[in-house]
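The residues making up each chain are set out below.
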Amino acid sequence: MTHDLMTPEKNLQRIMWTGTLWFGAAVGTVAIVLGLLLSSGWRPAVLAGGLQIVWWIGSFLVALSIGLIGWSGCPVLEVSVPIADRNKTRTMQLGTLLYIVGGAVALFAVLLGPAR
């Protein structure tokens, strides 16, 4: 038997509430990290060809993850509560995974780039 906290209704409410917080946190951390990098004079063009591709792949994954997390927090119920619960659970999980992987990939490329 499913615990009361894991019913589709409760889970969906939790995902939409926490998804909004995660969305804000994700956008904020990207703004801070990218703002600090760009204000220091760093540009993706300083990376060698291969590292530049790695950085852009990581950046694309982070942008995609923010979209997925944002959708998870959006209070749109789709067709029904069980379907919305399933879809928002998956998009939140995938968005979180891509945020972590994409951020690590992009920062890895920055760290392997030239030091100033």
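Parameters and conventions
Residues numbered from 1 in each chain as written. Predicted model: local features only at pLDDT ≥ 70, side-chain atom pairs only at ≥ 80, totals over all residues. Heavy atoms only, no water. Helix = DSSP H or I, 4+ residues; strand = E, 2+ residues; numbered from the N terminus. Rg over C-alpha atoms; globule rule 2.2 N^0.38 Å. Buried < 20%, exposed > 50% of the residue type's maximum accessible area, 1.4 Å probe, protein only. Contact = heavy atoms within 4.5 Å. Areas by Shrake-Rupley, 256 points an atom, 1.4 Å probe, with all protein chains shown as cover. Polar contact = N/O pair within 3.5 Å; in protein donor to acceptor, adjacent residues only side chain to side chain. Expected span 1.5 Å × (residues − 1).

### Let's talk about the overall build of the protein
Then, number 1: Within the protein, the regular secondary structure consists of 3 helices and 0 strands.
Then, number 2: When the elements of the protein are put in sequence order from the N terminus, they spell out α-α-α.
Then, number 3: Its C-alpha atoms give the protein a radius of gyration of 17 Å, more than 25% over the compact-globule value 13 Å for 116 residues.
Then, number 4: The C-alpha extent of the protein, read off along each of the three principal axes, is 55 × 25 × 25 Å.
Then, number 5: Every one of the 116 residues in the protein was classed for burial, and the buried ones make up 29%.
Then, number 6: Partitioning the intrachain contacts of the protein with sequence separation of at least 6 by distance along the chain shows that 77% fall at a separation of at least 24.
Then, number 7: Split by element, the accessible area of the protein, about 7,200 Å² in all, is 76% carbon and sulfur.

### Examining the side chain of T91
Then, number 1: Looking at the element boundaries, T91 is found in helix α3 (residues 81-112).
Then, number 2: Exposure remark for T91: the relative accessible area of 15% places this residue in the buried category.
Then, number 3: A polar contact of 3.2 Å, which involves the side chain of T91, links it to the backbone oxygen of K88.
Then, number 4: Dropping the residues within four chain positions of it, T91 is found in contact with L68, W71 and S72.

### Here we look at helix α1 (residues 8-39)
Then, number 1: The first and last C-alpha atoms of α1 sit 45 Å apart over 32 residues, in line with the 46 Å expected at 1.5 Å per residue.
Then, number 2: In this structure, the buried side of α1 is in contact with α2 (49-73) and α3.
Then, number 3: Phi for G41, located one or two positions after α1, is positive at around 100°.

### Points about the environment of L61
Then, number 1: By secondary structure assignment, the location of L61 is in helix α2.
Then, number 2: Taking the C-alpha atoms as reference points, L61 and S80, separated by 19 residues in sequence, lie 29 Å from one another.
Then, number 3: In this view, L61 contacts L98, V101 and G102; residues no more than four positions away in its chain are not counted.

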